[in-house]
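The lines below spell out each chain.
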Amino acid sequence: MSKTAIPGVAKGASLKRNLGLWAIVGLGLGYMTPTVVFDTFGMVARDTDNVVPLAYLVALIVMVFTAVSYGKMAGAIPSAGSAYTYVRESMHPNVGFLVGWTSLIDYMLLPMVNCLIIRSYLEAIFPGVPGWIWVVGYCVLTTSVIYLTMRGTSNLNGILLVFSIIVMAVFIVMVWAQLAGGEGVGSVADMQPFFHDGVTAGAVLMGATIVCFSFIGFDAVTMYVEEARSPKLVPRALMLTVLIGGAIFLIAGYFAQLRFPAWEEFAPGGDMQFIEDSTLPLMGEAVGGPVLMAVLTAAGFAATLASGLASHASVSRMLLVMGRNNVLPKKYFGFINAKTHTPTFNIVLTGAICMLAIAFTLEMIAAFINYGALIAFSFVNISVIAWFAIRQGRRKTPRDIFKYIVMPVIGFGMTVILWVNLHLDALIGGVIWTLIGLAYLLYLTKGFKKKVAAFDEDQPVTGFNKVPEIAE
C-alpha cells in the first residue's frame, strides 16, 4: 500500500491509503450533519414564504456544478488541500492567500454554529436554564476533549451518521402517517412546498443562501485525497456526497414543509427566537410528542457534537499549519504542547471564540459562514478555467470548451447569484474581513515584493493520521 511521507513529524508516521469510496462519502456526509435541515427549517420557511425544499433544490443545483469543479481540480492537483490550494496553484499565490483568508472565517465560526445548535436543543428541553450556561458548558467540554487528544473521529462519525439518518427516516414515516390522517396539508403528494401564490424568486434565492450552509462540508472530502485508496475516487466521492446529502435535505424538507405549511407555527405570540435558533426540538414534539422530541433531539445532538469536535479540531489544525509557516506568529500558533501533543493555544483560542455563541443567533453566524464558503466556491470554478483552459490550453475542442469553460462559468454565475443575496450584515462583515486579509497580505509580502507563505491543510504537522489506521 502506498504511503505519503509527512514532513516534520515523527519518523515512520504517514498517511495511509486506506479509505474506500463509501468511507470518504460517509466522512463528507458526517461533516454536513444531515439533521441541520430541521435546525434551520423555521428561518428558511419564513424567508422563502414556506418553500423550503425549493430553496434546497436551487442550492443543490449550484452545489452540483461546484462539485464538478472541485472534482476536476482534485484530479489535477492530487494533494490534500482545498479552494485556496487550487487557486494558488492555478492562478496566483496572493489570490490563493486571500481566498484562504476569507475561507478562514468558515473554519473559525463553524464550531460556534454547533454550539448554537446544541444551546437551542438544551433550551428547548430545559427552558428554565439560561442559555449562556449551555454555551459555557459545551465550550469547556469540547475544548477539554480536543485539548487532550485530536485523534481521528471517522468511525464515531460513521456511527452517529447512521443513527441520525435512521431517526430522520422514522420522523418522515410518522409525518407520512399524519399527512394521510389529515394533518398539515393533508396529502403526501402536493406541489405546495415547491410553488404557491406569493412565492418570489428573490425570496427563494435568499433562502438558498441560508441552506447553502447545509452543504458546507462536502468540499472537505478533498482533504482525504492522500488517504483514498485511489485519488480517482475523490471526484466521485464529491459528487455522491453532494447528491446524497442533497437528496436527504430535499426529502426531509419536503415532508417537513407538508407537515408544517406555515412558519408561524414556530413563532408563538410572534416570538422570533424559535425561528432564529433551531426548530428541530419543536418539530419533534409536534410530530411525536416528548418521546420523538427526545429521540430526534438526541440524533441532532449526537451529529452536531461530532461535527463540533471535528470542526474545532480542524480549525486548530489549520491555525497550527499557519503558525508553522509563519503566516501567523509561530511562537503561539505553531506551538504544540509536549505533554498532550496538541496545539493547545489554538484549541483554547477556538474555544474562546466559540463562547461568542452567547451573543449571536444561528441565522447570523450561518450568514457569515456562507460568505466565506461562497467566495471559495466561486474561485474553485474560476480555477478550473485558469488551470485547464488557460494554463494547459484545453480550449480548442467543443468538448474541452464545454468542460473547462462553460461548466465552470455556469457554476460561478450561480454561486455569485447566491453570494449577492446574502444578508447585508454578512456582506459588510465579510468584506471587512477580506480587506483585513488584504492589508495583512501587504504586510507579509512587504508590498507584494516577497512570496507569500502558504497555509494549506495538506501539511500534516500534527503527528498523527486523520483517520485511524487499519490492518493491512
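For the structure, check the block above.
First, a word on scope: everything that follows refers to the structure included in this document. None of these values were measured; they are calculated from a predicted model.

In terms of regular secondary structure, the protein is built from 17 helices and 2 strands. For the protein, the residues scored as buried account for 57% of the 472 residues in total. Long-range pairs, those at least 24 residues apart, make up 82% of the contacts in the protein between residues at least 6 apart in sequence. A total accessible area of about 18500 Å² is found for the protein, and carbon and sulfur atoms account for 69% of it.

With their axes 9 Å apart at the nearest point, helix H15 (residues 362–391) and helix H17 (residues 424–444) run at an angle of 45° to one another. Judged on the interaxial angle alone, H17 and H15 are oblique. In this structure, H15 meets H17 at a crossing whose hand is right-handed. For the pair H15 and H17, the contacting residues are Met-364, Ala-367, Phe-368 and Tyr-371 in the first and Asp-425, Ala-426, Leu-427, Gly-429, Gly-430, Val-431 and Thr-434 in the second. Looking at the contact of H15 with H17, its residues break down into 7 nonpolar, 3 polar and 1 charged.

If you walk through the whole model with that rule in mind, you get 4 salt bridges. Taking the shortest distance from any N to any O, the salt bridge between Arg-46 and Asp-47 comes out at 3.0 Å. Of the charged contacts, one joins Glu-123 and Arg-119 as a salt bridge, the two residues approaching to 3.8 Å between their closest N and O atoms. Here Glu-123 and its partner Arg-119 are both found in helix H6 (residues 93–125), 4 residues apart, which amounts to about one turn of the helix.

Glancing now at empty space enclosed by the protein. By the definition in use, this model includes 4 cavities of 30 Å³ or more. Considering only enclosed or pocket space, the largest cavity measures out at about 140 Å³ in volume. Lining the largest cavity are 15 residues, with Tyr-31, Thr-33, Leu-110, Phe-213 and Ser-307 sitting closest to its centre. Elements with a minimum of two residues in the lining of the largest cavity: helix H1 (21–32), helix H2 (36–39), H6, helix H9 (201–215) and helix H12 (280–324). Residues of the lining of the largest cavity, tallied by class, amount to 8 nonpolar, 6 polar and 1 charged.

Helix length check: H17, at 21 residues, gives a terminal C-alpha distance of 30 Å against a target of 30 Å (1.5 Å per residue), a fit within 8%. Buried within H17 we find Ala-426, Leu-427, Gly-429, Gly-430, Gly-437, Tyr-440, Leu-441 and Leu-444. Check the buried side of H17 and you find it contacts H6, H15 and helix H16 (398–420).

Turning our eyes to something else, we now look at a nonpolar patch on the surface. Together, Val-431, Leu-435, Leu-438, Leu-442 and Phe-448 make up an exposed nonpolar region whose accessible area comes to about 410 Å². A relative accessible area of 38% places Val-431 in the partly exposed class.

Summed over all chains, the structure comprises 21 aromatic pairs. A centroid spacing of 5.6 Å and a plane angle of 45° characterise the contact between Trp-101 and Tyr-440, whose relative ring orientation is tilted. Of the two residues, Trp-101 is situated in helix H6 and Tyr-440 in helix H17; the sequence distance between them amounts to 339 residues. With respect to burial, Trp-101 and Tyr-440 carry one shared label: buried.

On to the packing of helix H7 (residues 131–148) against H12. Relative orientation of the contacting elements H7 and H12 amounts to 60°, with a least axis distance of 10 Å. By the criterion of interaxial angle, the relationship of H7 to H12 is oblique. Note that H7 runs across H12; the crossing there is right-handed. Of the residues in H12, those touching H7 at Tyr-138, Thr-142, Thr-143, Val-145 and Ile-146 are Leu-305, Gly-308, Leu-309, His-312 and Ala-313. Residue classes in the contact of H7 with H12 are distributed as 6 nonpolar, 4 polar and no charged.

The next point concerns the nonpolar core. One finds Phe-38, Tyr-70, Phe-171, Phe-215 and Phe-218 to be the most contacted residues of the largest nonpolar core, which totals 111 residues. Looking at this core, the element that brings in the most residues is H15, giving 18 residues. Met-318, Leu-319, Met-322 and Val-452 belong to the second largest nonpolar core, which has 17 residues in total.

The topology assignment puts Asp-47 in helix H3 (residues 41–48). Taking the C-alpha atoms as reference points, Asp-47 and Trp-263, separated by 216 residues in sequence, lie 9.2 Å from one another. Among residues more than four places away in sequence, those in contact with Asp-47 are Ala-203, Met-206, Ile-210 and Glu-363.

So, about the layout of surface pockets. What the second largest pocket holds in volume is close to 240 Å³. Lining the second largest pocket, in full, are Ile-105, Met-108, Leu-109, Met-112, Ile-353, Leu-356, Phe-360, Ile-365, Phe-368, Gly-429 and Trp-433. Among the secondary structure elements, those contributing two or more residues to the lining of the second largest pocket are H6, H15 and H17. Broken down by element, the residue count for the lining of the second largest pocket peaks at 4 residues, all from H6. For the lining of the second largest pocket, the class distribution of residues is 10 nonpolar, 1 polar and no charged.

Conventions used here
- Residues numbered from 1 in each chain as written.
- Predicted model: local features only at pLDDT ≥ 70, side-chain atom pairs only at ≥ 80, totals over all residues.
- Heavy atoms only, no water.
- Helix = DSSP H or I, 4+ residues; strand = E, 2+ residues; numbered from the N terminus.
- Buried < 20%, exposed > 50% of the residue type's maximum accessible area, 1.4 Å probe, protein only.
- Contact = heavy atoms within 4.5 Å.
- Areas by Shrake-Rupley, 256 points an atom, 1.4 Å probe, with all protein chains shown as cover.
- Axes fitted to C-alpha atoms, helices over the stretch in contact; angles between N-to-C directions.
- Parallel < 35°, antiparallel > 145°, perpendicular 65-115°, else oblique.
- Left-handed = near helix turned anticlockwise from the far one by under 90°.
- Nonpolar A, V, L, I, M, F, W, Y, C, P; charged D, E, K, R; others polar.
- Salt bridge = Lys/Arg side-chain N within 4 Å of Asp/Glu carboxyl O.
- 1 Å grid on protein atoms, 1.4 Å probe; cavity = no way out; pocket = protein on both sides within 12 Å on 5 of 7 lines; lining within 4 Å.
- Points joined across faces, edges and corners; volume = space filled by probe spheres on them.
- Expected span 1.5 Å × (residues − 1).
- Patch = residues over 30% accessible without salt bridge, like charges linked within 9 Å, V, L, I, M, F, W, Y side chains within 5 Å.
- Phe/Tyr/Trp six-rings, centres within 6.5 Å; stacked < 30°, edge-to-face > 60°.
- Core = buried A, V, L, I, M, F, W, Y, C linked by side-chain atoms within 4.5 Å.

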